[in-house]
Amino acid sequence: MSSGNVMAADDLRRREEWIRLALLCMAFSSILVLAMIILFVFREGVPQIVRVGIPEFLGGGRWAPTKGVFGIFPMIVGTIQVTLGALVIGVPLSLLSAICLSEFAAPRVRMVMKPLIELLSAIPSVVYGFIGVTVIVPLVRDTLGGSGFSVLSAALMLSVMILPTVTSIAYDALRAVPAAYREGALALGATPWQTVTRVVVPAARSGLVTAVILGMGRAMGETMAVIMVAGNAVVVPTSPLHPCRTLTSNIALEMAYASGGHQKALFATGVVLFVMIFCLNSIATFIARRR
Amino acid sequence: MYAMGVRYRSLRPVRFFARLGIAILVLFGLVGLSGCRGKGRVLIVAGSTSVQPVMEKIAEAFRKVKPGLRVDIEGGGSSAGIMAVRAKTAALGMSSRELKQNDPNEAQLWRQMLALDAIAIIVHPENTVASLSLAQVRDLFAGKIKTWKEVGGRDRPVHVLVREEGSGTRSAFEELVMKDGKHETPVDDYALVQDSSGGVREVVCNDRDAIGFASLGALNDSVRAVSVEGVTPTFESVREGKYRLVRPFYLIGVEPPAGDAADLTRFSLGSEAAVIMQKEGLVGVFR
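Residues numbered from 1 in each chain as written. Chains lettered and ligands numbered in written order. Predicted model: local features only at pLDDT ≥ 70, side-chain atom pairs only at ≥ 80, totals over all residues.

Peer 1: Looking at this structure, how should I read the overall build of chain B?
Peer 2: The secondary structure content of chain B amounts to 11 helices and 14 strands. Taking all 287 residues of chain B together, 39% fall into the buried category. Contacts spanning at least 24 positions in sequence make up 72% of the contacts within chain B whose residues lie at least 6 apart. (Helix = DSSP H or I, 4+ residues; strand = E, 2+ residues; numbered from the N terminus. Buried ≥ 20, exposed ≤ 12 C-beta atoms within 10 Å, placed from the backbone. Contact = placed C-beta atoms within 7 Å.)

Peer 1: Please explain the overall build of chain A as it appears in this structure.
Peer 2: From N to C terminus, chain A includes 12 helices and two strands. Put simply, chain A runs from its N terminus to its C terminus through helices and strands in the order α-α-β-β-α-α-α-α-α-α-α-α-α-α. For 291 residues, the compact-globule estimate of 2.2 N^0.38 gives 19 Å, and chain A exceeds it by more than 25% at 24 Å. The principal-axis extents of the C-alpha atoms in chain A amount to approximately 80 × 65 × 35 Å. Restricting the contact set of chain A to residue pairs at least 6 apart, pairs at least 24 apart contribute 73%. (Rg over C-alpha atoms; globule rule 2.2 N^0.38 Å.)

Peer 1: Can you help me understand the pairing of strand S13 (residues 246-253) of chain B in this one?
Peer 2: Taken residue by residue, a regular strand's side chains alternate between the two faces of the sheet. Residue and element names in this part refer to chain B. Among the eight residues that make up S13, six are buried, leaving the element largely enclosed by the rest of the structure. In the sheet, strand S3 (residues 92-95) pairs with S13 via three bridges, with the strands oriented antiparallel. Within S13, the residue paired with Met-94 across the bridge is Leu-251. Relative to S13, strand S4 (residues 110-123) runs antiparallel, the two sharing eight bridges. By the bridge assignment for S13, Ala-118 is matched with Val-246. (Pairing = 2+ DSSP bridges.)

Peer 1: Explain the packing of helix H9 (residues 205-221) of chain A against helix H12 (residues 260-289) of chain A here, please?
Peer 2: Packed helix pairs are characterised by how far apart their axes lie and by the angle those axes make with each other. All names here are of chain A. Contact pair H9 / H12: the axes reach a minimum separation of 8 Å and the direction vectors enclose 165°. Taken together, the axes of H9 and H12 are roughly antiparallel relative to one another. Every pair of crossing elements has a handedness; the one defined by H9 and H12 is left-handed. Residues Ser-206, Val-209, Thr-210, Ile-213, Leu-214, Met-216, Gly-217, Met-220 and Gly-221 of H9 touch H12, and the partners they reach there are Met-276, Ile-277, Leu-280, Asn-281, Ile-283, Ala-284, Ile-287 and Ala-288. (Axes fitted to C-alpha atoms, helices over the stretch in contact; angles between N-to-C directions. Parallel < 35°, antiparallel > 145°, perpendicular 65-115°, else oblique. Left-handed = near helix turned anticlockwise from the far one by under 90°.)

Peer 1: What's the story with the environment of Val166(A) in this structure? I'm lost.
Peer 2: Residue and element names in this part refer to chain A. Looking at where Val-166 falls in the secondary structure, it is placed in helix H6 (residues 151-175). For Val-166, a count of 29 C-beta atoms within 10 Å gives the class buried. Taking the C-alpha atoms as reference points, Val-166 and Val-91, separated by 75 residues in sequence, lie 7.2 Å from one another. Excluding anything up to four places from it in sequence, Val-166 contacts Gly-90, Val-91, Ser-94, Ala-211, Val-212 and Gly-215.

Peer 1: Is there a simple way to explain the interface of chain B and chain A in this structure?
Peer 2: By a frequent convention, interface size equals the accessible area lost on bringing the separate parts together. At the interface, 25 residues of chain B touch 27 residues of chain A. Breaking the side of chain B that touches chain A down by element, the ones donating at least two residues are helix H1 (4-10), helix H2 (13-35), strand S2 (69-76), helix H7 (168-178) and strand S9 (192-194) of chain B. At five residues, H2(B) tops the list of elements feeding residues into the side of chain B that touches chain A.

Peer 1: I would appreciate a short explanation of the packing of H6(A) against H9(A) in the present structure.
Peer 2: Residue and element names in this part refer to chain A. Contact geometry for H6 and H9: axes closest at 8 Å, N-to-C directions at 155°. Taken as axis vectors, H6 and H9 run roughly antiparallel relative to one another. Crossing geometry of H6 relative to H9 is assigned as right-handed. Each of Leu-158, Met-161, Ile-162, Thr-165, Val-166, Ile-169, Ala-170, Asp-172 and Ala-173 in H6 lies in contact with H9, whose residues at this interface are Gly-207, Leu-208, Thr-210, Ala-211, Val-212, Leu-214, Gly-215, Arg-218 and Ala-219. Looking at the contact of H6 with H9 residue by residue, the class counts come to 12 nonpolar, four polar and two charged. (Nonpolar A, V, L, I, M, F, W, Y, C, P; charged D, E, K, R; others polar.)

Set out below in structure tokens:
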């Protein structure tokens, strides 16, 4: 090699370092934005929680922010009910379709079904909400009574919304089980169904749990569609036909005209939601790592 | 050939952190720069959160007339607006209630009526109830009347719809309907909540058992406004003072405004602002 090439190599090295630096900037800018959001939400919200008092804020049953009463207990209950409802309906559907796709479907069926299910997640949530208002709400109102805007309607709609998330993650987890497991089970005389229930699903357990938890996070974080079908009344629902308000809905509903303590209380609602979602995600990561 | 991977590792920690520091500084610098803007003249208008949305739209249109001036519209409530003009922290105040003539802090202030805000009580067009008394409306929204039969309609449950807390229409409704003298009846906890007049209207026009409220200007043919105390809300009955669920919107100052504040006041009473107010469902005073 000539000396010219060595010079070029030096240049290249320097350029390489600049590129590396530029990429580093990009990487840290996203973390910086995240950090600033967290900082901002907590700075606005936490003092309000302290001012109201933690038991009063988290356990209070009445929400009348314009009259200085801040209790988000009904919304915490509402969030949990809607989320659990969505999981009860959506998870069996998703897991069974993931098992079907991964273990039983012909390659050609899989090739069509998998992208179609994933396409469900590309539909904007407001479209789901619109379908909820025009189809699910009148259906519930006419068949079961009440106003139709209810925990049940929200859970039904969310169960469809979490389908793609749970199905595709569960599918990946099932595909990750080595083929040798299946071959071994079948060679020992197990039927295909026994192979799936006794070998493949237990082996993919941690991945399946992660799928469910991520679906739970999706259900909990959904806002727009839930506002449209849940009715948004601040009550602890004692029947699936009662209306309810979730934490995310509360923020989105009232942020437009909120000011002063009311606005800070909405940030505080965000803090509570943040902590709940953070715990869920941590559990998901923990389970996924334990594999 | 030259192994690039080796160069990656050779960047020592000290230099790495120095560069990271620079990178973060640059980022913060960018964020900081975007926050700073040239400071021109600022006109602050503060007060009622009910007047705030329409005033913000008027200020936006006003900006095209006077590009050099920044108009800040702040909420806080009618009383806070009155305090702000008295303390000179705002050039103009916004109030959605009458000034208290027996309060020396308020009686002497200058005021200009902008518009009248009328609240219509709306039901499904097929609802057989055409007229309600104010007390009946209050009991319906408080959840004390649970079926339409009790007010002369069909034997069906009532589905109550309200706006969210903090909405100007909601606070107007509470003030005009739910308040009886000093006592205020709370709205039924099980009332459904929608975050826009359009949302309330949509639900009412799809549910025969629903009752809701909206600003007069937000109505259309899909819903029917019931008459309250025998008066149907129309722009005429509001202007003539017959319809009772009405409150005034005022601009307020310590003395008649001058300079930029006077220009904004004039603009708010002009034809362009009248169009904006009608879109917001208000009955302008000069028509």
